[in-house]
Structure formats: structure tokens, C-alpha cells
Amino acid sequence: MTVAALIPAAGSGTRLGRGPKAFVEVAGQSLLARSVAALAPHVGEVLVALPAGMDLPAGLRARAISGGETRQESVLRLLEATSAGIVLVHDAARPFLPAGVVGALLSAVAETGAATAALPVADTLVRGEGGQWQGAVPREGLWAVQTPQAFARGELLRAHRAACEQGYAATDDAGLIAWQGGAVTLVPGDPRLFKVTAPGDLALAHAVARLWDAGER
Ligand code: C5P
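A brief structural summary. Treat the numbers as computed from the prediction; the structure is a model and nothing was measured.

**Focus on the nonpolar core**
In step 1: Ile 7, Ala 9, Leu 32, Val 48 and Leu 88 are the most contacted members of the largest nonpolar core, which has 29 residues in total.
In step 2: The set of elements that each furnish at least two residues to this core consists of β1 (3-8), α1 (31-39), β4 (45-50), β6 (86-89), α3 (99-112) and β7 (114-120).
In step 3: Apart from the residues within four sequence positions on either side, Leu 32 is in contact with Ile 7, Ala 9, Ala 22, Val 48, Leu 50, Leu 56, Leu 60 and Ala 92.
In step 4: In this structure, Leu 47, Val 87, Phe 151 and Ile 177 belong to the second largest nonpolar core, which totals 21 residues.

If you want it as C-alpha cells, here you go:
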């Protein structure tokens with residue numbers, strides 16, 4: 001079955017404060033270039049959703065389309081722009097993607113039709129209000145969900161169209177499959193797959209890039 005990588009990269013990067021986040025560089029390479037490089041060896045094509053009016057930087061082996069107002073809308077556009085049987089949806093904001101995670105996702109999706117990278121929660125979890133501890137939330141059985149997420153494209157497209165019709169919004173694509181009653185396999189992710197969101201994450205990304213670019217993956 002053909003596999004396409006779909007990269008929603010059309011966010012404005014407001015919380016990071018450095019312009020469109022996908023184009024922010026870490027140790028000389030943009031977040032987007034790092035994500036494309038990690039996915040390209042595993043797939044037949046790489047599609048990227050960019051902010052309207054922006055072009056792909058020279059040298060990136062990918063096809064670009066214009067993203068939507070929300071991440072969900074950007075992913076729907078990407079799904080409609082490919083005919084691949086399997087899609088790997090991956091946020092450009094997660095630049096350090098180990099090959100082993102991609103391999104495990106592709107094995108899982110062949111079995112179950114939907115799979116996501118995720119890590120068991122290690123921190124203590126509490127509900128807070130006004131900066132005050134309100135009560136602990138048991139962390140047993142809780143996972144923090146990452147990307148990539150792998151799907152049979154037809155199933156994910158059906159879930160997206162239903163969400164669009166019914167005005168349902170999820171923060172990721174596996175959430176749409178689960179909302180439709182579908183099963184999603186949890187595949188062990190990696191701490192280095194953290195999402196670059198706030199300025200502090202960028203400092204962490206620079207530290208990881210030093211090891212990553214030296215071949216420690
Ligand atoms: O804002 P956040 O970090 O959660 O965005 C996750 C991913 O979704 C990012 O890679 C961002 O570029 C992408 N996105 C998008 N289209 C939007 C908003 C976000 O492709 N309208």
C-alpha cells in the first residue's frame with residue numbers, strides 16, 4: 001500500500017513569537033526541513049500544508065498546499081490532496097523523529113488501521129484553578145499523545161468529513177477516529193518528539209539538535 005507523509009505546518013507560531021513556526025531554524029535547519037528529512041525515507045510522497053501565500057524553502061523534497069484556519073482544516077486539505085492508502089500525519093513542530101517510531105507506526109497501522117505515538121505520563125497530574133492545587137488526577141493508564149499518527153486514509157477522511165459536518169473539533173487526528181468509535185493503537189513514542197511550542201522549548205531543541213546532528217538518534 002502506498003504511504004504519504006502529511007505535515008500540517010500552517011500555524012502562525014504565536015506562542016513562540018518568531019513568525020510561522022515551521023520556518024524557525026534550530027542549528028541551521030528549519031523545524032519543517034527536519035520533519036521532512038525524517039519522514040521522506042519511509043514514504044512515497046511528502047505533502048506539506050503551509051500558511052497561505054508562503055512557498056516551500058528551496059531544496060525541500062515535498063509538495064506544498066495552502067493550509068486552513070485550524071490544524072484540523074489543514075489536515076483535511078492534505079488528505080484530499082493525496083491518493084495514498086496509508087497516511088502518516090506529523091506536526092512540523094516536532095522536529096526530532098526517530099526512524100524506529102515511524103517503523104513501529106507503519107507496522108501497527110497495517111494491523112489495526114489507526115495508530116499514534118504516545119508516552120505514558122510520568123509526572124504527577126493535578127487539576128488547578130487560579131494557580132491553586134485543586135486535586136490530584138490518578139496518572140495510571142494515562143498517555144501523552146504525540147505525532148506521527150498513522151491511518152488508513154479512507155477512514156481518516158471519513159472521520160474528518162463527519163467532524164466538519166457536525167462542527168466537532170479535536171486536537172489531533174487520532175481523536176477524530178476515537179470520536180467515530182474507531183480503535184487507535186498506542187505505539188511507544190520518544191521524549192525527543194516533544195512539540196516546540198514556547199520559547200523554552202526552542203532552547204531544549206537546540207540542545208537536542210547537537211546530539212541528533214552528531215548522529216545520536
Ligand atoms: O499550534 P500547534 O503547535 O498545536 O500546531 C500543531 C501543528 O499544526 C503545527 O505544526 C502547526 O503548523 C499546524 N497548524 C496548521 N494549520 C493551522 C494551525 C496549525 O497546519 N491553521
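Moving on from the model shown.
**So, the pairing of β7**
The two faces of a sheet get side chains in turn, since along a regular strand they alternate between them.
In step 1: The buried fraction of β7 amounts to five of the seven residues, a majority that puts the element mostly inside the structure.
In step 2: In the sheet, β7 pairs with strand β10 (residues 143-152) via six bridges, with the strands oriented antiparallel. Residue pairing in the sheet places Leu 119 in a bridge with Ala 144 of β10.
In step 3: Pairing between β7 and strand β11 (residues 185-188): four bridges, direction parallel. Bridge assignment links Ala 117 to a residue of β11, and that residue is Val 187.

**Structural notes on helix α4 (residues 153-166)**
In step 1: Along its 14 residues, α4 runs 20 Å from first to last C-alpha, staying within 8% of the 20 Å computed at 1.5 Å per residue.
In step 2: Those residues of α4 that fall on the buried side of the exposure criterion are Arg 153, Leu 156, Leu 157, Ala 159, His 160, Ala 162 and Ala 163.
In step 3: Contacts from the buried residues of α4 go to α2 (71-80), β6, β10 and α5 (173-179).
In step 4: Residue Gly 167 follows α4 closely and has a positive phi angle near 65°.

**Topic: the pattern of salt bridges**
In step 1: Applying the stated criterion across every chain, the model contains eight salt bridges.
In step 2: Glu 73 is paired through a salt bridge with Arg 77; the nearest N and O atoms lie 3.4 Å apart. You can see Glu 73 and its partner Arg 77 sitting in helix α2, four residues apart, about one turn around the helix.
In step 3: For Glu 73, a relative accessible area of 30% puts it in the partly exposed group.
In step 4: Counted as one network, the salt bridges with shared partners bring together Arg 71, Asp 91 and Asp 173.

About the thresholds
Residues numbered from 1 in each chain as written. Predicted model: local features only at pLDDT ≥ 70, side-chain atom pairs only at ≥ 80, totals over all residues. Heavy atoms only, no water. Core = buried A, V, L, I, M, F, W, Y, C linked by side-chain atoms within 4.5 Å. Buried < 20%, exposed > 50% of the residue type's maximum accessible area, 1.4 Å probe, protein only. Helix = DSSP H or I, 4+ residues; strand = E, 2+ residues; numbered from the N terminus. Contact = heavy atoms within 4.5 Å. Pairing = 2+ DSSP bridges. Expected span 1.5 Å × (residues − 1). Salt bridge = Lys/Arg side-chain N within 4 Å of Asp/Glu carboxyl O.

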